[in-house]
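Descriptive analysis of the structure
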Amino acid sequence: MDHYELPPALSIAYGDIDKEHGELIDTLNGALRMFQCARNPSANNFRPFLQRMRDDMKRRFLHEEAEMARLDYPLLEELRRHHARCARRLDEICGTVFTGRRIIDRDLLDDLFDIIMDDVIRADADLKSFLSARNLCFDALV
């Protein structure tokens, strides 16, 4: 794989959700390009990407949770717990890189992609169903 992408079937055509998912993938693809070009990738070179990914993901979680609270989403507490688990996992990965316990490699980038996919598949699938049932989520193919 020469880049990361979310399958179109996982799109949630509501508000900025797809845009925010896309921004996370764009950040990850920037890190991938840097990794592919670097002879000896170092944590210092990747620190801005990892920090941006952390900041963007946490901001996205807060935005989504606030919007779902506004819509009285019945699984909001589950969503919050799931987001907290994803954020902790990302923090743990970043911590191992920043302390030199983990090297920058393709497996690291794949782990970051897995966090994004975990959120999109596990938490956002229920969210998409909720939005669709209320005619708030519009399929881009319609």
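Everything here concerns the structure above.
We now turn to the structure provided with this report.

What counts as what
Residues numbered from 1 in each chain as written. Predicted model: local features only at pLDDT ≥ 70, side-chain atom pairs only at ≥ 80, totals over all residues. Heavy atoms only, no water. Helix = DSSP H or I, 4+ residues; strand = E, 2+ residues; numbered from the N terminus. Expected span 1.5 Å × (residues − 1). Buried < 20%, exposed > 50% of the residue type's maximum accessible area, 1.4 Å probe, protein only. Contact = heavy atoms within 4.5 Å. Salt bridge = Lys/Arg side-chain N within 4 Å of Asp/Glu carboxyl O. Axes fitted to C-alpha atoms, helices over the stretch in contact; angles between N-to-C directions. Parallel < 35°, antiparallel > 145°, perpendicular 65-115°, else oblique.

Examining helix α2 (residues 43–70)
- Taking 1.5 Å as the rise per residue, α2 with 28 residues should run 40 Å; its terminal C-alpha atoms sit 39 Å apart, in good agreement.
- Among the residues of α2, Phe46, Leu50, Met53, Arg54, Asp56, Met57, Arg60, Phe61, Glu64, Glu65, Glu67 and Met68 are the ones counted as buried.
- Residues of α2 that are buried in the fold lie against α1 (17–37), α3 (76–98) and α4 (106–133).
- Positioned one or two residues after α2, aspartate 72 has a phi angle of 55 degrees, which is positive.

Some thoughts on the pattern of salt bridges
- Throughout the structure, instances matching the rule amount to 15 salt bridges.
- A salt bridge links aspartate 56 to arginine 52, with the nearest nitrogen and oxygen atoms 3.4 Å apart. Within this pair, aspartate 56 and its partner arginine 52 are both found in helix α2, separated by four residues, close to a single helical turn.
- Classification of aspartate 56 by relative accessible area gives buried; the value is 12%.
- Here aspartate 91 and lysine 58 are joined by a salt bridge, their closest N and O atoms 3.1 Å apart. Remark: lysine 58 occurs in helix α2 and aspartate 91 occurs in helix α3; sequence separation between them is 33 residues.
- Given the relative accessible area of 32%, lysine 58 is considered partly exposed.
- One salt-bridge network, held together by shared partners, links Lys19, Glu23, Arg52, Asp56 and Arg59.

Describing the packing of α2 against α4
- It is the contact of α2 with α4, at a shortest axis distance of 13 Å, that shows an interaxial angle of 10 degrees. Relative to α4, the element α2 is oriented roughly parallel. Two secondary-structure elements touch here, α2 through Leu50, Met53, Met57, Arg60, Phe61, Glu64 and Met68 and α4 through Leu112, Ile115, Ile116, Asp119, Asp124, Leu127 and Leu131.

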